[in-house]
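Architecture at a glance
Residues per chain are reported as follows:
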Amino acid sequence: MVLLQISEPGQSPEPHQRRRAVGIDLGTTNSLVATVRSGTPETLLDSEGQHLLPSVVHYSATGEVTVGRRAYDRSADDPLNTLVSVKRFMGRGIEDIKTLGSQLPYDMVASDSGMPNFKTVAGEISPVAASTEILKVLVERAELALDGRLEGAVVTVPAYFDEAQRQATKDAATLAGVKVLRLLSEPTAAAVAYGLDQGGEGVIAVYDLGGGTFDISILRLSHGVFEVLSTGGDSALGGDDFDRALAQWFGQQAGLGDDLNPSVQRQLLMTARSAKESLSTQPQVAVSVAGWTGELKREQLDSLIDPMIDKTLRACRRCLRDAGLKPEDVANVVMVGGSTRTLRVREKVTEAFGREPLVDIDPDRVVAIGAALQADVLVGNKPGDEMLLLDVIPLSLGIETMGGLMEKIIHRNTTIPVAKAQDFTTFKDGQVAMAVHVLQGERELVSDSRSLARFELRGIPPMVAGAAKIRVGFRVDADGLLNVSAKELISGVEAHVEVKPSYGLNDEEVTRMLKESYTHAKGDMQARALREQQVDADRMYVDLQAALEQDGRALLNNEEYHCLEMALVDLERVRNSENHREIARHIEVVSKTSEEFAARRMNASIQKALTGHSLDEIERGM
Ligand code: ADP
Ligand code: MG
């Protein structure tokens, strides 16, 4: 992912005209909002002086909605109606959710949007609606603090979020009544918070260990341009797993079996979490839970979580290897996410990279702060020389063409926003409609690509095959969202689609699709060649058949006619061959055989056109 910088054309408004803009980190576990005041970024507090809003929404039978800490407190006694980790479900389909691997207790039901809904006492709730509730609280908080309506917000998303997940996030913000200035990737936001975009060169590793997820991103900065070299991580590993390990240990100390009721389980987990967090600032903590009272020492926690930290470090090494780098190539390690407060995590990361990570900015707040800095630039609060960051698309986008082939229109790693167009034509005489199938991926065949959307262009005036000119335009906006249009240029008929796929891809799936495209490259090229020859053979068959029907009897003698009929049979047979060279050879032969017929038809049609016109007219180009 490349991040280019472009200059902001707006000039700096007077201080009293400062526009109200915020950065929002919509997290899996916690969310928060930040803004730039008097040139300094700060996170905004709630009425109780807290900046973290737990990303938890509770629904009651009376339709009352609670968000944040009070909702979190309901998770022990009313788990089914207390939605946690909603971010995992954003933009995902039923199939994805089965493989999410999270042991969340919800009843999920299918819905029209393609995203499954949560079944609660207050009815079916979509992941977007639950996220909207979280965002509403943050927007309200900001409007209170800034004393007025917001101009807009930069909302952060994981670097690997795809179209559907980004769209779902954007929808949630729009529903919460705030304009999305940009979606920004979380590691980029963290690097921006440390001012790493302001000059300097080098490789940056962003280590983000949150509540339920671990993300590692390797960025390279050169000449003020960020490039994401690789991303990796584990979507089912985070501070919650530390809590689970510790809760289990508490259970053992208390002499409890494995078969615990959900409410005892929740109690153990909540105690574990608060004990773990205390150990980040003190060497030991007194614990009393489920009938067990004792001292928990830091060493005990360390020994429980070491295997999990090691797992994150293995992912780091893999990610570095993907980027073709060694730990010593990394100039800066940025720590992000509440779980990087755990001292053991810092120690082990320091050891792995051979350098002290950057921890000066609160790891909970660093993403929101970077987003706020970016929002401030985007609304024009900064002088003209400030920079904007741009992303690239992770997988190529294109459409299906004849023969089940994927024609790429925008290639992966293209900087967004971007608009590209390509002209296509009709396959059959008199074709009045065209099906546009929008695809994503690196492979040559449609069957190996991911289907994003389908739409139809209707009302094409009937013409001979190949005469219509259909311009297919792809536009990807700064948020990575795709709009596809198709226009027949002679008649002006037009159709378009906003691509909102019903489910998303996670980072592993993107990586897998890329890897497959490399390993299958040769086979894919052969498959493409085969399909192209088959399409050519089909076209030739249709054309020749029509021509024979129309002019065969008039222009050919019996023997010639029979010979071309045989050629047709031959084409039909060889079309199904799996050998593209063989098909090519037959196409060659048939085109030789039919050359004379084609020439006679040409003459005949010129003859016909000439009838009734003077030679003068012809010469004047009539
Ligand atoms: P997310 O990005 O998933 O929303 P956060 O970055 O907010 O998550 O991290 C939440 C995690 O950070 C939780 O597991 C929480 O227990 C952990 N955490 C918060 N404060 C501390 C602390 N002082 N010490 C250790 N872990 C902490
Ligand atoms: Mg986070």
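These numbers come from a predicted model, not from an experiment. (Residues numbered from 1 in each chain as written. Chains lettered and ligands numbered in written order. Predicted model: local features only at pLDDT ≥ 70, side-chain atom pairs only at ≥ 80, totals over all residues. Heavy atoms only, no water.)

**Brief notes about the site of ligand 1**
Around ligand 1 there are 17 residues in total, and Thr29, Asn30, Lys276, Glu277 and Ser280 lie nearest to it. Within the contact set of ligand 1, an oxygen atom lies 3.1 Å away from a backbone nitrogen or oxygen of glycine 211. The contact in question runs from an oxygen atom of ligand 1 to an N or O atom on the backbone of serine 339, over 3.2 Å. Coverage of ligand 1 by the protein amounts to 90% of the 590 Å² it exposes when considered alone. At the level of secondary structure, the elements contributing two or more residues to the shell around ligand 1 comprise α6 (239-253) and α7 (262-278). (Near = heavy atom within 4 Å. Polar contact = N/O pair within 3.5 Å; in protein donor to acceptor, adjacent residues only side chain to side chain. Areas by Shrake-Rupley, 256 points an atom, 1.4 Å probe, with all protein chains shown as cover. Helix = DSSP H or I, 4+ residues; strand = E, 2+ residues; numbered from the N terminus.)

**Digging into the sheet that holds strand β24 (residues 418-424)**
Across a sheet, strands are paired by hydrogen bonds formed along the backbone, either parallel or antiparallel in direction. Taking strand neighbours across the sheet as the criterion, the four strands line up as β24-β27-β28-β29 in an open arrangement whose pairing is antiparallel. Of all strands in the sheet, those bounded by a partner on one side alone are β24 and β29 (494-498). The average undirected angle you get between the axes of adjacent strands in this sheet is 15 degrees. Pairing of strand β28 (residues 482-488) with β29, which is carried by five bridges, proceeds in the antiparallel orientation. Bridging from a neighbouring strand, lysine 487 pairs with glutamate 494 of β29. (Pairing = 2+ DSSP bridges. Axes fitted to C-alpha atoms, helices over the stretch in contact; angles between N-to-C directions.)

**Examining the pattern of salt bridges**
Per the stated rule, a full pass over the model turns up 26 salt bridges. Among the ionic pairs, glutamate 48 bridges to arginine 70, the shortest N-O distance being 4.0 Å. Pair noted here: glutamate 48 is in the loop between β5 (40-43) and β6 (53-54) and arginine 70 is in helix α1 (residues 69-73), with a separation of 22 residues, a long-range link. Two residues, arginine 149 and glutamate 143, come together in a salt bridge whose shortest N-O distance is 3.6 Å. According to the relative accessible area criterion, arginine 149 is exposed, its value standing at 58%. (Salt bridge = Lys/Arg side-chain N within 4 Å of Asp/Glu carboxyl O. Buried < 20%, exposed > 50% of the residue type's maximum accessible area, 1.4 Å probe, protein only.)

**Points about the pairing of strand β22 (residues 397-401)**
As paired strands, β22 and strand β23 (residues 405-410) are joined by five bridges and run antiparallel to one another. In the strand pairing of β23, leucine 397 is matched with isoleucine 410. As paired strands, β22 and strand β25 (residues 433-440) are joined by three bridges and run antiparallel to one another. Residue pairing across strands places leucine 397 opposite glutamine 440, the latter belonging to β25.

**A closer look at the state of the cysteines**
Evaluation of the coordinates by the stated rule reveals zero disulfides. Lacking any disulfide linkage, cysteine 319 is separated from the closest cysteine sulfur, that of cysteine 316, by 7.3 Å. (Disulfide = S-S within 2.5 Å.)

**Considering the confidence of the model for the protein chain**
Per-residue confidence for the protein chain averages 84 on the pLDDT scale, and 86% of its residues sit at or above 70. Contacts of residues 1-16 to residues separated by more than four positions or lying in other chains number 51 contacts, the stretch itself having pLDDT below 50. Residue range residues 500-504 is modelled with pLDDT below 50. Its contacts to residues more than four positions away, or to other chains, number 26 contacts. (pLDDT = per-residue confidence, 0-100. Contact = heavy atoms within 4.5 Å.)

**Concerning the nonpolar core**
If you look at the biggest cluster of nonpolar residues, it comprises 42 residues, and the most contacted ones within it are Val22, Ile24 and Leu83. For this core, the secondary-structure elements that each account for two or more residues are β3 (21-26), β7 (57-59), α3 (127-146), β13 (152-157), α4 (163-175) and β14 (180-185). When sequence neighbours within four positions are dropped, the list of residues in contact with valine 22 reads Val33, Ala34, Thr35, Ala142, Leu146, Leu150, Gly152, Ala153, Val154, Ala372 and Ala375. In terms of nonpolar packing, the next biggest core, distinct from the first, is built from 39 residues, Trp249, Val285, Leu296 and Ile309 among them. (Core = buried A, V, L, I, M, F, W, Y, C linked by side-chain atoms within 4.5 Å.)

**Regarding the packing of helix α8 (residues 298-322) against helix α9 (residues 343-353)**
At a minimum axis distance of 9 Å, the contact between α8 and α9 shows a crossing angle of 35 degrees. Between α8 and α9 the crossing geometry is right-handed. Packed against α8, whose contacting residues are Arg298, Asp302, Ile305, Asp306, Ile309, Asp310, Leu313, Cys316 and Leu320, the element α9 presents Leu343, Arg344, Val345, Lys348, Val349, Ala352 and Phe353 at the interface. Grouping the constituent residues of the contact of α8 with α9 by class yields 10 nonpolar, no polar and six charged. (Left-handed = near helix turned anticlockwise from the far one by under 90°. Nonpolar A, V, L, I, M, F, W, Y, C, P; charged D, E, K, R; others polar.)

**Points about the sheet that holds strand β9 (residues 82-83)**
The three strands are arranged β8-β7-β9 in an open sheet whose pairing can be described as antiparallel. Where the open sheet ends on each side, the last strands, each with one partner, are β8 (65-67) and β9. Both β7 and β9 contribute to a ladder of two bridges, which runs antiparallel. Its bridge partner being in β9, valine 57 is matched across the sheet by leucine 83. Helix-sheet contacts for α3 involve β7, β8 and β9, and the interaxial angle to β7 is about 115 degrees.

**Quick word on the packing of helix α5 (residues 186-193) against helix α10 (residues 366-378)**
One can describe the packing of α5 onto α10 by two numbers: an axis separation of 7 Å at closest approach and a directional angle of 80 degrees. The orientation of α5 with respect to α10, classified from their angle, is roughly perpendicular. Contact with α5, carried on its side by Glu186, Ala189, Ala190, Val192 and Ala193, involves Val366, Val367, Ile369, Gly370, Ala371 and Leu373 of α10 and no other residues of that element. Classifying every residue of the contact of α5 with α10 gives nine nonpolar, one polar and one charged. (Parallel < 35°, antiparallel > 145°, perpendicular 65-115°, else oblique.)

**A word on the pairing of β5**
For a regular strand, side-chain orientation follows a simple rule: the groups alternate between the two sheet faces. Pairing between strand β4 (residues 30-37) and β5: four bridges, direction antiparallel. Within β5, the position partnered with arginine 37 by the bridge is threonine 40.

**Quick notes on the side chain of glutamate 444**
Tracing the backbone shows glutamate 444 in the loop between β25 and β26 (450-458). Contact partners of glutamate 444, with chain neighbours within four places excluded, come to Gly404, Leu405, Met406, Asp524, Met525 and Arg528.

**A short note on unusual backbone geometry**
Not every positive phi belongs to a glycine, and serine 38 is a case in point at roughly 50 degrees. Along the chain, the position of serine 38 falls in the loop between β4 and β5. For serine 38, a relative accessible area of 74% translates into the label exposed. One non-glycine residue, aspartate 147, lies in the positive phi region at around 60 degrees. Secondary-structure assignment places aspartate 147 in the loop between α3 and β13. Classification of aspartate 147 by relative accessible area gives exposed; the value is 62%.

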